[in-house]
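# Residue-level structural notes
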Amino acid sequence: MEDCIFCKIAAGTIPSKKVYEDDECFAFHDISPQGPVHFLVIPKKHIRNIMETTPEDEPLLGRLLYRAQKLAVECGCGERGARFVINCKDNGGQTVDHLHIHVVGGRFMEWPPG
Ligand code: AMP
Ligand code: ZN
């Protein structure tokens, strides 16, 4: 999608610190990290948010989540764990309208969030 910052990051037209890439998935470090580890896993396909996915996206969603956990382990979070977060729309705190999974680790986090 033309005006989407994450589409541009996935296409390489806006620079990012890449963690991983394949045909349908891109992962990069968050520009404002909330922990020693904080990266985002996104589909290359422009999907606005988790609630705008369709049945055809179901396998893709599984692969994104699987990739998120693989990368979390590779980034050193395997032993102590990490938080996997998908913010959705205003009440969910979503600020970028391209589906993304936050992976935050390397420190203890309270629950529930503020
Ligand atoms: P959310 O609030 O769930 O929509 O998360 C959006 C995330 O994108 C925030 O954690 C931002 O810090 C991050 N972000 C925004 N712009 C960039 C960028 N150019 N490169 C990396 N991360 C970004
Ligand atoms: Zn997009």
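Values in this document were obtained by computation on a predicted structure and should not be read as measured data.

## A closer look at the environment of Glu21
Summarising the element assignment, Glu21 is placed in strand E1 (residues 18-21). For Glu21, a relative accessible area of 35% corresponds to the partly exposed category. A C-alpha to C-alpha distance of 20 Å links Glu21 and Gly105, two positions 84 residues apart in sequence. Ignoring any residue separated from it by four or fewer positions in sequence, one finds Glu21 in contact with Ala10, Phe26 and Lys44. Engagement of the side chain of Glu21 in a polar contact is seen with the side chain of Lys44, the distance being 2.8 Å.

## Re the site of ligand 1
Lining the immediate environment of ligand 1, one finds 16 residues, of which Asp30, Asn87, Thr95, His100 and His102 sit closest. A distance of 3.1 Å is found between an oxygen atom of ligand 1 and a backbone nitrogen or oxygen belonging to Gly93. Between an oxygen atom of ligand 1 and a side-chain N or O atom of His102, the distance comes to 2.8 Å. When ligand 1 is considered free in solution it has 500 Å² of accessible area, and contact with the protein chains removes 83% of it. Per-element accounting of the shell around ligand 1 gives the leading share, three residues, to helix H1 (residues 5-11). Taken together, the residues that form the shell around ligand 1 break down as seven nonpolar, eight polar and one charged.

## Some points on the sheet that holds strand E5 (residues 101-105)
On the basis of which strands lie adjacent, the open sheet formed by five strands has the order E1-E2-E3-E5-E4 and antiparallel pairing. Looking along the sheet, the strands with just one partner apiece sit at the ends: E1 and strand E4 (82-85). In this sheet, neighbouring strand axes are inclined to one another by 15 degrees on average, regardless of whether the strands run parallel or antiparallel. Strands in contact with helix H2 (residues 58-77) are E1, strand E2 (25-29), strand E3 (37-43), E4 and E5; relative to E3, the strand with the most contacts, it is inclined by about 160 degrees.

Each value, and the rule that gives it
- Residues numbered from 1 in each chain as written.
- Chains lettered and ligands numbered in written order.
- Predicted model: local features only at pLDDT ≥ 70, side-chain atom pairs only at ≥ 80, totals over all residues.
- Heavy atoms only, no water.
- Helix = DSSP H or I, 4+ residues; strand = E, 2+ residues; numbered from the N terminus.
- Buried < 20%, exposed > 50% of the residue type's maximum accessible area, 1.4 Å probe, protein only.
- Contact = heavy atoms within 4.5 Å.
- Polar contact = N/O pair within 3.5 Å; in protein donor to acceptor, adjacent residues only side chain to side chain.
- Near = heavy atom within 4 Å.
- Areas by Shrake-Rupley, 256 points an atom, 1.4 Å probe, with all protein chains shown as cover.
- Nonpolar A, V, L, I, M, F, W, Y, C, P; charged D, E, K, R; others polar.
- Pairing = 2+ DSSP bridges.
- Axes fitted to C-alpha atoms, helices over the stretch in contact; angles between N-to-C directions.

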